[in-house]
Every structure is written in C-alpha cells, then in structure tokens.
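Here are the chains, one letter per residue:
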Amino acid sequence: MGNCVFVGVNATVVGGVSIGDDVLIAPGAYVNQDVPAHSIAVGNPCRIIPRENATEGYIVRRVGGY
C-alpha cells in the first residue's frame, strides 16, 4: 500500500496486490489486481483509470509530510 491512498467504504482488496502512491479506491470496488500510482480503481472487478492527483479533495490531513 503506497502513500496517499484513499479506500472507500465497502471496498475489498484481495490477494497479493500492490497499490501505488496517490490511488483512490472507490466505494464498493473489488480490487483483485495491481493498481499503479496516480490511478482510480472503480467497479467489480475493478477498472483502472489513470488520473494525476487522484486523491485530491479526498485526503485533506496528511501525516508525515507526504
């Protein structure tokens, strides 16, 4: 799990998957594949949508200077 990752309500992450930095996992998403940095994962099974600043507006209080 990378830095600045937002995981929505009822999202499921299964298996040995890798989640990159700045990733938004949408509510209800079923993630069964690697998610590259700067992406949004939506749906069941998940669909990956590349997007710069994917977590902008979702993560408002960062810890550790990231």
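Quick caveat, the model's predicted, so the values are computed rather than measured.

Comments concerning the overall build of the protein
When helices and strands are tallied, the protein shows 0 helices and 6 strands. Order of helices (α) and strands (β) in the protein, N terminus to C terminus: β-β-β-β-β-β. Relative to the globule expectation of 11 Å for 66 residues, the C-alpha radius of gyration of the protein, 11 Å, shows essentially globular dimensions. Element-wise, carbon and sulfur atoms account for 50% of the exposed surface of the protein, whose accessible area totals about 4200 Å². Distance between charge centres in the protein, computed from 4 positive and 5 negative side chains, equals 9 Å.

Re the sheet that holds strand S5 (residues 39-42)
Read across the sheet, 4 strands follow the order S1-S3-S5-S6 without closing on themselves; strand pairing throughout is mixed. Only two strands of the sheet have a single neighbouring strand rather than two, namely strand S1 (5-7) and strand S6 (47-50). Across the sheet, the axes of successive neighbouring strands diverge by a mean angle of 15 degrees, strand direction being ignored. Bridge count for S5 against S6 is 4 bridges, and the pairing is antiparallel. Counted as the bridge partner of Ser39 is Pro50 from S6.

What to know about the environment of Ala37
Mapped onto the secondary structure, Ala37 falls in the loop between strand S4 (30-31) and S5. Classification of Ala37 as partly exposed rests on a relative accessible area of 36%. Taking the C-alpha atoms as reference points, Ala37 and Val13, separated by 24 residues in sequence, lie 16 Å from one another. Residues within four places of Ala37 in sequence aside, it is in contact with Gly20, Asp21, Asp22 and Val23.

Observations concerning unusual backbone geometry
Asn44 connects to Pro45 through a cis peptide bond whose omega is -5 degrees. Its location among the elements puts Pro45 in the loop between S5 and S6. The phi torsion at Cys4 lies on the positive side, around 60 degrees, for a residue other than glycine. With respect to the helices and strands, the residue Cys4 is situated in the segment before S1. Classification of Cys4 as buried rests on a relative accessible area of 17%. Residue Asn10 is not a glycine yet carries a positive backbone phi of 65 degrees. Counting through the fold element by element, Asn10 comes out in the loop between S1 and strand S2 (12-13).

What counts and how
- Residues numbered from 1 in each chain as written.
- Predicted model: local features only at pLDDT ≥ 70, side-chain atom pairs only at ≥ 80, totals over all residues.
- Heavy atoms only, no water.
- Helix = DSSP H or I, 4+ residues; strand = E, 2+ residues; numbered from the N terminus.
- Rg over C-alpha atoms; globule rule 2.2 N^0.38 Å.
- Areas by Shrake-Rupley, 256 points an atom, 1.4 Å probe, with all protein chains shown as cover.
- Lys, Arg positive; Asp, Glu negative; His and termini not counted.
- Charge placed at Lys NZ, Arg CZ, Asp CG, Glu CD.
- Pairing = 2+ DSSP bridges.
- Axes fitted to C-alpha atoms, helices over the stretch in contact; angles between N-to-C directions.
- Buried < 20%, exposed > 50% of the residue type's maximum accessible area, 1.4 Å probe, protein only.
- Contact = heavy atoms within 4.5 Å.

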